[in-house]
Amino acid sequence: MPPRDPEEYESRRQQIIEGAFRVFSRKGFEQATNKEIAKEAGIGSPGLIYHYFSDKRALFQTVIESKSAALQMVVHNEAMLEEPPETLLPMLATTFLGLFESPELLPVFRLIFAEAMRRPFVAELVSQIGPHRFISFLTRYFERQVALGRMRAMDTSAAARSFVGPLIAYLLTTHVFEPTEKNALSPDRMISTHIDLFLRGIAPDEGNSR
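Computed from a predicted model, the values in this text were never measured in an experiment. (Residues numbered from 1 in each chain as written. Predicted model: local features only at pLDDT ≥ 70, side-chain atom pairs only at ≥ 80, totals over all residues. Heavy atoms only, no water.)

Draft legend 1. Representation of the overall build of the chain within the structure. A tally of helices and strands in the chain yields 10 helices and zero strands. Listing every helix and strand of the chain by position from the N terminus yields α-α-α-α-α-α-α-α-α-α. Put simply, 75% of the contacts in the chain that link residues at least 6 apart link residues at least 24 apart. When the accessible area of the chain is evaluated, it comes to approximately 11,600 Å², of which 55% is carbon and sulfur surface. (Helix = DSSP H or I, 4+ residues; strand = E, 2+ residues; numbered from the N terminus. Contact = heavy atoms within 4.5 Å. Areas by Shrake-Rupley, 256 points an atom, 1.4 Å probe, with all protein chains shown as cover.)

Dropping the structure here:
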């Protein structure tokens, strides 16, 4: 066989990812078929998908990871552990909400939520890609902030979940259980209120800040 062209290989791989994203967005994980994905991706044979991905789960995971690239960059940036809470936390909240509120990903968020309630493996897979990694990063970040004296001593794992929880609740009450117009809340108002309350809650005790 002739040697594989890396650029052509990656181009075809991205073609499949984008096709799969559109099919998953419309039909969810279980109902999406390789035949439909291949047709949407513009490739000749559904079997060709297995040349790039071991199975449909691996393809689904890659799709979610590729569409959450901004969040993945944040949680893998060790330098951010040194940023003060008043700088980093608003950025994290904005990135998190922005990811799921984008017109491109919002249909996927709704489908994932529905499927996660029925299929535990979908919930576990998405959690490992998004919320779990986000919470793990936040836990390490809060541990560092406690060590620097910028945050009072507390259970950092609980603090991480306390930070993420209201953001997920906002997404659910805004995009899954949609509010009436009079109860609508903008992302900016949500973030500013959440950050204000959270920073007050983690502020160092007087006399213990550095």
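Resuming the write-up.
Draft legend 2. Quick peek at the packing of helix α1 (residues 6–31) against helix α3 (residues 56–67). Between α1 and α3, the least distance of the axes is 9 Å, while the angle of their chain directions is 100°. By the angle between their axes, α1 is roughly perpendicular relative to α3. Contacts between α1 and α3 involve Arg 13, Ile 16, Ile 17, Glu 18, Ala 20, Phe 21, Phe 24, Phe 29 and Glu 30 from the former and Lys 56, Arg 57, Leu 59, Phe 60, Thr 62, Val 63, Ser 66 and Lys 67 from the latter. Split into classes, the residues belonging to the contact of α1 with α3 amount to nine nonpolar, two polar and six charged. (Axes fitted to C-alpha atoms, helices over the stretch in contact; angles between N-to-C directions. Parallel < 35°, antiparallel > 145°, perpendicular 65-115°, else oblique. Nonpolar A, V, L, I, M, F, W, Y, C, P; charged D, E, K, R; others polar.)

Draft legend 3. Representation of the side chain of Lys 56 within the structure. Tracing the backbone shows Lys 56 in helix α3. Glu 30 provides the closest opposite charge to the buried, unpaired Lys 56, separated from it by 5.3 Å. Within the local environment of Lys 56, its side chain forms a polar contact with the backbone oxygen of Phe 29, the two atoms lying 2.8 Å apart. Apart from residues no more than four positions distant in its own chain, Lys 56 is found in contact with Phe 24, Phe 29, Glu 30, Ala 32 and Asn 34. (Buried < 20%, exposed > 50% of the residue type's maximum accessible area, 1.4 Å probe, protein only. Lys, Arg positive; Asp, Glu negative; His and termini not counted. Salt bridge = Lys/Arg side-chain N within 4 Å of Asp/Glu carboxyl O. Polar contact = N/O pair within 3.5 Å; in protein donor to acceptor, adjacent residues only side chain to side chain.)

Draft legend 4. Main features of the packing of α1 against helix α2 (residues 34–41). The interhelical angle for the contact between α1 and α2, taken along N-to-C directions, is 140°, at an axis separation of 8 Å. The orientation of α1 relative to α2 falls into the category oblique. Where α1 crosses over α2, the handedness of that crossing is right-handed. The segment α1 lies against α2, with Gln 15, Ile 16, Gly 19, Ala 20, Arg 22, Val 23, Phe 24, Arg 26, Lys 27 and Gln 31 engaging Glu 36, Ile 37, Glu 40 and Ala 41. Its residues assigned to classes, the contact of α1 with α2 shows six nonpolar, three polar and five charged. (Left-handed = near helix turned anticlockwise from the far one by under 90°.)

Draft legend 5. Representation of the pattern of salt bridges in the model. By the definition in use, this model includes seven salt bridges. Where Glu 78 meets Arg 140, a salt bridge forms, and the shortest distance between an N and an O atom there is 3.1 Å. Here Arg 140 lies in helix α8 (residues 131–147) and Glu 78 lies in the loop between α4 (69–75) and α5 (85–101), a separation of 62 residues in the sequence. We classify Glu 78 as partly exposed; its relative accessible area is 44%. Residue classification places Arg 140 among the partly exposed positions, given a relative accessible area of 31%. The salt bridge involving Arg 144 is made with Glu 82; its shortest N-O contact spans 3.1 Å.

Draft legend 6. Spatial organisation of the side chain of His 194. Turning to its location among the elements, His 194 is positioned in helix α10 (residues 187–202). The exposure class assigned to His 194 is buried, which follows from its relative accessible area of 7%. If near-sequence neighbours (up to four positions away) are discounted, His 194 is found in contact with Ser 162, Phe 163, Pro 166 and Leu 167.

Draft legend 7. How the structure looks around α1. An ideal rise of 1.5 Å per residue puts 38 Å on 26 residues; α1 reaches only 32 Å between its terminal C-alpha atoms. Its axis deflected by about 90° at Ser 25, α1 carries its strongest bend there. (Expected span 1.5 Å × (residues − 1). Bend = angle between axes of the 7 residues up to and from the residue.)

Draft legend 8. The packing of aromatic side chains, seen in detail. Tallying each qualifying case throughout the model produces nine aromatic pairs. Between the aromatic rings of Phe 96 and Phe 134, the centroid separation amounts to 5.0 Å while the plane-to-plane angle is 15°, which identifies the pairing as stacked. Of this pair, Phe 96 sits in helix α5 while Phe 134 sits in helix α8; the two residues are 38 residues apart in sequence, bridging distant segments of the chain. For Phe 134, a relative accessible area of 0% puts it in the buried group. (Phe/Tyr/Trp six-rings, centres within 6.5 Å; stacked < 30°, edge-to-face > 60°.)

Everything listed here is a matter of coordinates, which is why it stays silent on function.
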